[in-house]
Amino acid sequence: MVMNNKESTVAALLKSKHTGSLVSNSVRNKMEISHANLSPIKPYMQEEDVEYQQHEQHQVAVLHENMYLHLGNFRMERALEEWSNIFSPDQICTDPNMLKTLLQDCSAMEQVNQVRAVIYPTDKEQIVKLVKISNKFKIPIYPVSTGNNWGYGSMNPPPQHDVSTNSVREGIILNMSRMTEIKFDIKSGVVTVQPGVTQRLLNQYLKDNNLSYLIPVTGGGPDTSLLGNALERGYGITPHADHFSACMSLEAILPNGEVYNSMLHQMGAPQIDKLYKWGTGPYVCGIFTQGNFGIVTEMSIALATRPERVEAFFFAVDELDVGVQKVKEILTKIGNVTGSINLMNNRRMISMTLPYPKEKIGKDQVIPDEMLSNMQKSIGVSNWNGAGTIYGSEQVVKAAKKEIKKILKQSTRKIIFLNPKETSTYCSILDKVSFVQNIPIVKALYAVNESLKLMNGEPSQVALPLAYWKAGKKPTEKPMNPSQDGCGLLWFAPLVPLHPENVQEFVELAQRVCIKHGIEPLITLTSMNDRACDSTIPILFDRSDPEQVKKAHQCFDELFEEGSKLGYVPYRLNVNAMRKVSDRKAVPSILKSLKTAIDPNNIIAPGRYGL
Ligand SMILES: Cc1cc2nc3c(=O)[nH]c(=O)nc-3n(C[C@H](O)[C@H](O)[C@H](O)COP(=O)(O)OP(=O)(O)OC[C@H]3O[C@@H](n4cnc5c(N)ncnc54)[C@H](O)[C@@H]3O)c2cc1C
C-alpha cells in the first residue's frame, strides 16, 4: 500500500519507538491505540470504487486528526514542563474544573476544550521566557489583562475549530491581572500602567497621592483593566472618552520574545514618547489594538485633569431625529468641553430603573406596548432620553450651560443640570434620615448620584446591574462579575453616522430584529464625535435556558447580517463573532502579510478579529 504524506509521518513517528527518540511513551501509547482503532483497509479494490475511495478518505481523515491531536498534546506537555521552571505552582492553573469556572462567559459558549492552562505572570521577564517556549512548541497564547471583557467573550479565546482535522488547537491564557505597577508623571498627568491596573487600583493610587485627575471609567466598573479596555478600543463618557486615543505609547512583547518600543523611544527619547502619541515614523501602536501581534506589557495613558466644575445635563425628547439633531448641534458648537453624549430609548431607561416584569410576559415576548407605556409614565421618562457632561472652569461651564439651554429649549421636554458634588452632599444628608430611605424620589436621587460618579470620573458599579436584568444573581458580599454570576449578555455595538436619517434607519432595524427574537431592544447611542455615534445594544437572555441562548445568538447574527447590509458594522466584536470577518474575506492583505512575517507560527491569539 502506498502511503500518503500524512500516513507516512505517523508511521515514522511510530517507528521512532524503536529508536527511542521524538515521542514520549504516553503519547506513543495513545497513538498506537488510536491507530489500532482504525478499521482494516480492504485488501483489494478498483480505483473507481466509490465506496473504497470514501473509506480511504475517512481513514486518512482519522489518521490526520489523531496525528494532529497527539502532536499537539506532546508539544503542550513539553511546554508545560518548561513553563513550570519559570512559574511557581500558584501561577499555573491546569485543573479542568477550575478552568471551567474561570472561562464561564455571558455568551454561554465557552471554549473550554481550547484552553489547557491559565498562566499568571508577575513580570515582563517571565512573559519573554514564556513566549519563547510557546514559539518553540507552537502553542497559542491568548493574552488578557483582567479578562473581564463581559458581553464580548470575557477571558475566552476566539473559537478555533479546524474542520479539516476536526480538532482544536489547544493553547493557554496569559492572564496579566497580577501585574499591577503604576508610575505617574506628575508634571504631565500621564500614568504608565501594567495590564493588571484596574480603575479601582488607579483611583486608590490617585487618592493616596493626592492627585486630582479623572479615571477613564466605563460601565464595566471598578475591576476592569485600563490597558485591556484601551486595547479593545473601549470608550466611556469622561473628556478622554475614546480610551485608546488617550494612549500615548506602549511596550509589547513580540511573538519571538523581542520587546517592542516605538521609534521615538529607540532614538533615545523615552520621556517625550510617553507624552506625544504619534512619535516619529510609521505609527505602529495601533496594530496591538484589536489585534494579535504582541503582548502589551505597559501603556502610558494621558489622564484628564479634574476640572474646577463638572455639570451633568439630562434632557428628554419624543422624536429620535430631534434628539440626534440636538446632540449634533451641541457637539459641533461646544464639543470641546463636553464628554460623549448618550441617547437612550424608553426600554433602556426602564431597564435601569425597574425590575424586569418576568411574571407578566411570555418567555419569547418583549414588554408589550401598553405595559411599556405605563412603565415609562411611572418613572417619568420619554421615548428618547439624553445625558451628557460639561467639564471646565466655573466660567466655561456657566457659558456652556447657557449654550446647551439655548440649543435644547424649543424642542425638548425638560432639561436638568446636576452637579455631582452637590448631589453627593444631598445624599449624605439623606443618609442620616432613615424614614425617607424608601421614598421613590429619594431612591431615584441615590441612583442618579451613582451615575454622576461615573460622569465625574469615579469608578462605580452603577451600570453593571443591566447585565442582571433578565437573569443572573447579584452577589452581596463581593463585586459583581456578570460572567461568573450567570448573566446572559451579548453586546451588539455598531457604528452609525450621527445623521438623523441613518440613526432612524438603524434603530428601526434593531427594534424589528430584536423583537422578532424575543429580545428587548435596549438601545443606547453614544456620540464618538459630531460625525459618528456607536450604538450599544445589550442582548440579554437567560443563560440557563438553551432555547433563549439559541435565540440570543440568532438575534446577534441577524443584527450583524442586516446591519452590515446597511453599513452599520460593530466597532468591536464578541470572540464568537470574530470569524465573521475572515468569512467575509474582510481582513486586509497587509494585515495578513504582517501577521505571517511577525508571527510565523501563529501563536499570539490566533483568530482574533479574523486574523
Ligand atoms: C454592564 C456592562 C457595561 C459595560 N460598559 C462598558 C463601557 O462603557 N465601555 C466599554 O468599553 N466596555 C464596557 N463593558 C465591556 C467590558 O466589560 C469592558 O470593556 C472591560 O474593560 C473589558 O475587560 P478587561 O478590562 O478585563 O479587558 P480584558 O478582558 O483583559 O481585555 C480585552 C481583550 O483585549 C486583549 N488584551 C487585553 N490585554 C492584553 C494585553 N496585555 N496584550 C494583548 N492583548 C490584550 C485580549 O484580546 C482581551 O480579550 C461593559 C460590560 C458590561 C457587562
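Computed from a predicted structure; not experimentally measured.

**Re the sheet that holds strand E7 (residues 182–185)**
(1) Moving on: Across the sheet, which stays open at both edges, the 5 strands sit in the order E7-E8-E12-E10-E11 with antiparallel pairing between neighbours. Of all the strands in the sheet, the pair left with one neighbour each is E7 and strand E11 (259–260).
(2) Moving on: Strand direction decides the pairing type here: strand E10 (residues 247–253) and strand E12 (residues 295–302), joined by 6 bridges, are antiparallel. The residue of E12 that forms the bridge with Cys 247 is Ile 301.
(3) Moving on: The sheet contacts of helix H5 (residues 124–137) involve E10, E11 and E12, and relative to E10 the element is tilted by about 50°.
(4) Moving on: The strands that helix H6 (residues 199–208) touches are E7 and strand E8 (190–193); relative to E7, the one it contacts most, it runs at about 50°.

**Structural notes on the packing of aromatic side chains**
(1) Moving on: Counted according to the given criterion, the structure contains 12 aromatic pairs.
(2) Moving on: Geometrically, the ring pair formed by Tyr 260 and Phe 288 is tilted, given 5.3 Å between the ring centres and 45° between the ring planes. Separated by 28 residues along the polypeptide, Tyr 260 in strand E11 and Phe 288 in the loop between helix H9 (270–273) and E12 bring together distant segments of the chain.
(3) Moving on: We classify Tyr 260 as buried; its relative accessible area is 14%.
(4) Moving on: Here a set of aromatic residues connected by ring pairs shows up, and it is made of Phe 492, Phe 506, Phe 556, Phe 560 and Tyr 568.
(5) Moving on: Above the face of the Trp 278 ring, Lys 277 is positioned so that its terminal group lies 5.6 Å from the ring centre.
(6) Moving on: Above the ring of Phe 560, the side-chain terminus of Lys 580 is found at 5.2 Å from the ring centroid.

**Thoughts on a nonpolar patch on the surface**
(1) Moving on: On the surface, a nonpolar cluster with roughly 410 Å² of combined accessible area is contributed by Ile 272, Tyr 276, Trp 278 and Tyr 283.
(2) Moving on: Under the relative-accessibility criterion, Ile 272 is labelled partly exposed at 42%.

**Thoughts on the UniProt feature "domain: FAD-binding PCMH-type" (unreviewed entry) in the chain**
(1) Moving on: UniProt's feature table lists "domain: FAD-binding PCMH-type" (unreviewed entry) at residues 111–306, given in the numbering used throughout.
(2) Moving on: Across residues 111–306, helical content stands at 19% and strand content at 24%; the span's end C-alpha atoms are separated by 42 Å.

**A look at unusual backbone geometry**
(1) Moving on: Here Lys 585, not a glycine, exhibits a phi torsion of approximately 55°, which is positive.
(2) Moving on: Residue placement: Lys 585 occurs in the loop between helix H18 (579–583) and helix H19 (589–598).
(3) Moving on: One non-glycine residue with positive phi stands out, namely Asn 602, at about 50°.
(4) Moving on: With respect to the helices and strands, Asn 602 occurs in the segment after H19.
(5) Moving on: Relative accessible area serves as the criterion here: at 29%, Asn 602 is assigned to the partly exposed category.

**Considerations on the state of the cysteines**
(1) Moving on: The final tally for this structure, using the stated rule, is 0 disulfides.
(2) Moving on: Note on Cys 514: no disulfide assigned, nearest cysteine sulfur contributed by Cys 555 at a separation of 4.1 Å.
(3) Moving on: Cys 514 gets classed as buried once you look at its relative accessible area, which sits at 0%.

**A closer look at the site of the ligand**
(1) Moving on: Around the ligand sit 32 residues in total, of which Ser 145, Thr 146, Asn 148, Val 296 and Arg 572 are the nearest.
(2) Moving on: Contact distances for the ligand include 2.9 Å between an oxygen atom and a backbone N or O atom of Gly 147.
(3) Moving on: Gly 220 places a polar main-chain atom, nitrogen or oxygen, 3.2 Å from a nitrogen atom of the ligand.
(4) Moving on: When the ligand is considered free in solution it has 960 Å² of accessible area, and contact with the protein chains removes 93% of it.
(5) Moving on: Breaking the shell around the ligand down by element, the ones donating at least two residues are strand E3 (141–144), helix H7 (226–231), E12 and strand E18 (487–492).
(6) Moving on: Counted by class, the shell around the ligand contains 15 nonpolar, 14 polar and 3 charged residues.

What counts and what doesn't
- Residues numbered from 1 in each chain as written.
- Predicted model: local features only at pLDDT ≥ 70, side-chain atom pairs only at ≥ 80, totals over all residues.
- Heavy atoms only, no water.
- Pairing = 2+ DSSP bridges.
- Helix = DSSP H or I, 4+ residues; strand = E, 2+ residues; numbered from the N terminus.
- Contact = heavy atoms within 4.5 Å.
- Axes fitted to C-alpha atoms, helices over the stretch in contact; angles between N-to-C directions.
- Phe/Tyr/Trp six-rings, centres within 6.5 Å; stacked < 30°, edge-to-face > 60°.
- Buried < 20%, exposed > 50% of the residue type's maximum accessible area, 1.4 Å probe, protein only.
- Lys NZ or Arg CZ within 6 Å of the ring centre and 35° of its normal.
- Patch = residues over 30% accessible without salt bridge, like charges linked within 9 Å, V, L, I, M, F, W, Y side chains within 5 Å.
- Areas by Shrake-Rupley, 256 points an atom, 1.4 Å probe, with all protein chains shown as cover.
- Salt bridge = Lys/Arg side-chain N within 4 Å of Asp/Glu carboxyl O.
- UniProt positions renumbered as here; feature names shortened; annotations may be inferred.
- Disulfide = S-S within 2.5 Å.
- Near = heavy atom within 4 Å.
- Polar contact = N/O pair within 3.5 Å; in protein donor to acceptor, adjacent residues only side chain to side chain.
- Nonpolar A, V, L, I, M, F, W, Y, C, P; charged D, E, K, R; others polar.

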